[in-house]
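What follows is each chain in one-letter form.
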Amino acid sequence: MAESSEATVSSPEDYNETERLENLRLIQEANVQAHPNNVRPVEGLIKKQKLNRRTSRTPQQESHATGEDVYCICHKPDNGEWMIACDFCDQWYHGTCIKLDESDSPLIVKYCCPPCVEKGKGQTVWRRKCRLKECKNPVDSKTTKYCCRAHGLLFFRAKLGPGAKYSNALDEGTLASLMDQCKNVEDFRALGGEVRQVDESEVLMKLDQQTLNVINAKKEQLEREVEDWQQRLKYLKLAKDRMKRVSEEVTQENGGKKKDICGLDPLFVNDDTETINNLALKESLEDRDDICMEERRKCVRHKDWTKIIAMEAEVGIDKCNHALNLLESQIHEMKNRAKIHALSSQT
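Residues numbered from 1 in each chain as written. Predicted model: local features only at pLDDT ≥ 70, side-chain atom pairs only at ≥ 80, totals over all residues. Heavy atoms only, no water.

In the annotation of an unreviewed UniProt entry, the entry for the protein reads PHD-type domain-containing protein, and the organism field reads Trichomonascus ciferrii. In its Subcellular location (unreviewed entry) section, the UniProt record describing the protein reads: "Nucleus". (UniProt positions renumbered as here; feature names shortened; annotations may be inferred.)

Novice: Even after reading the chapter, I still don't get the nonpolar core, so can you show me in this structure?
Specialist: As a rule of thumb, nonpolar side chains are buried together in soluble globular proteins. With 21 residues, the main nonpolar core has Y235, L236, I261, C262, F268 and W305 as its most contacted residues. Those elements giving two or more residues to this core turn out to be α8 (209–253), α9 (266–270) and α11 (305–346). Counting residues per element, this core draws most heavily on α8, which supplies seven residues. When neighbours within four sequence positions are excluded, Y235 is seen to be in contact with R242, D265, L267, F268, I276, L279, A280 and L285. (Core = buried A, V, L, I, M, F, W, Y, C linked by side-chain atoms within 4.5 Å. Buried < 20%, exposed > 50% of the residue type's maximum accessible area, 1.4 Å probe, protein only. Helix = DSSP H or I, 4+ residues; strand = E, 2+ residues; numbered from the N terminus. Contact = heavy atoms within 4.5 Å.)

Novice: Is there a simple way to think about unusual backbone geometry in this case?
Specialist: Trans is the common state for peptide bonds, and a negative phi is the common state for residues other than glycine. In this model, C72 sits at a positive phi of 70 degrees, which is unusual for a non-glycine residue. For D90, which is not glycine, the phi dihedral falls at a positive 65 degrees. With respect to the secondary-structure elements, D90 resides in the loop between β3 (83–85) and β4 (92–94). Looking at D90, the relative accessible area reads 38%, which means it is partly exposed.

Novice: Would you mind showing me how to read the packing of aromatic side chains here?
Specialist: Centre-to-centre distance and the angle between the planes together describe a pair of aromatic rings. Under the definition given, this model contains four aromatic pairs. Relative to F155, the ring of Y146 has its centre 5.8 Å away and its plane inclined at 50 degrees; by these criteria the two rings are tilted. There is no split in this pair, since Y146 and F155 are both buried. Measuring from ring centre to ring centre gives 5.5 Å for Y235 and F268, while their planes differ by 55 degrees; the resulting arrangement is tilted. Of this pair, Y235 sits in helix α8 while F268 sits in helix α9; the two residues are 33 residues apart in sequence, bridging distant segments of the chain. Across the pair, F268 and Y235 agree in class, each one buried. An aromatic cluster is defined as three or more aromatic residues linked by ring pairs; in this entry it consists of Y235, F268 and W305. (Phe/Tyr/Trp six-rings, centres within 6.5 Å; stacked < 30°, edge-to-face > 60°.)

Given below as C-alpha cells:
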C-alpha cells in the first residue's frame, strides 16, 4: 500500500507554545517574501498572545445579594479596575485591595495571593526594580541596577545636583579645615573612616534645630500610629475571644445546635481608633448587641474579617517602623555633619 502524502497532524498536547511561536515567525518570513511592502510585524501579536494566556477570570463565588461573580479578599465584583491573578490558585484580586498598582506588573514574575502565602504555597517573585525612584521597569541585566544607561545617569544627577543629599556635604572651608588637621599621610588616608569625637554641646549648636524639630515631630506622629495599630491588634484579640464565647452561648440557646457567628465589630468598620484604644485596655468584651450575629460561613460580606484586619495592622506597623528608621538615619547623618563642622571651627 502506498504511503499517504498527507502530513501527520500533531495532537493538541504535542503542539506546545514554542512550536506555535516558531510557526508565527515562519508565517512572518513568508509574508515578507510575498508582500515586502505590506507586512504587519508579528512580534506584537506574539507578545499579546503571551499576555492573554489567561483571559477568563475565575470567580471565587457568587454574591447572594446581587447574583454577580465576586473576587478578591473583599468579595466584590469586577468593577473595571486593574486586577491580577494568583499563579497558585488562579483567583483574581483587585490591585487596590492587595496594595499593588498596575505599574508594578512588569516587576512581577509570579504572584502569590495573601491566602496562598498564609497556606505556605509560595511567595510572590519579583524582578529587581530600576534604582531610579520614578521608574517601575526591571533592571536590564544582573550586572546593573538600572533599566537603561539613561536612568543610571538620571539617578546620579539627582544625587549630585543642586539641593540634593550629597551636593553640599562639605564646603571648601570645611574640607580645608579637615586637611589642616592631617599631620601625615596616614591621617589623610584615615579621613572619612570615622567622625572624630567632639563636645556634644558643640554638635547641638551646629545642628539645624528647625529641621530637627520637624523630624522629631514626624517621629512622634509615627510612634503614635504604631501604638494605635498595636492597640488595634489587642482589641482584635478581645473581639475574637468574644466571638467564640457568643458562639457557644448561641449554641446553648439553640438547644445544642452548633452555630459559629461572624462576630464583626462595627468599631472596625467605622475605624473608631479612640474607642478601640480605650476598650483594648479591658480584659474582655461583654457587649454583643452590635456585632454581626450571622452564621460565619454564610456571611459573605464579612468573610475572613479577622485576617484582613490583622494583616492591615501588621502592614501599618511595618510601614511606620520603616519610616522611623529613615528618620533616625536622617538624624544620624545630621549629627555627623554637625560634628564635621564643629571640628572645622576648632582650627
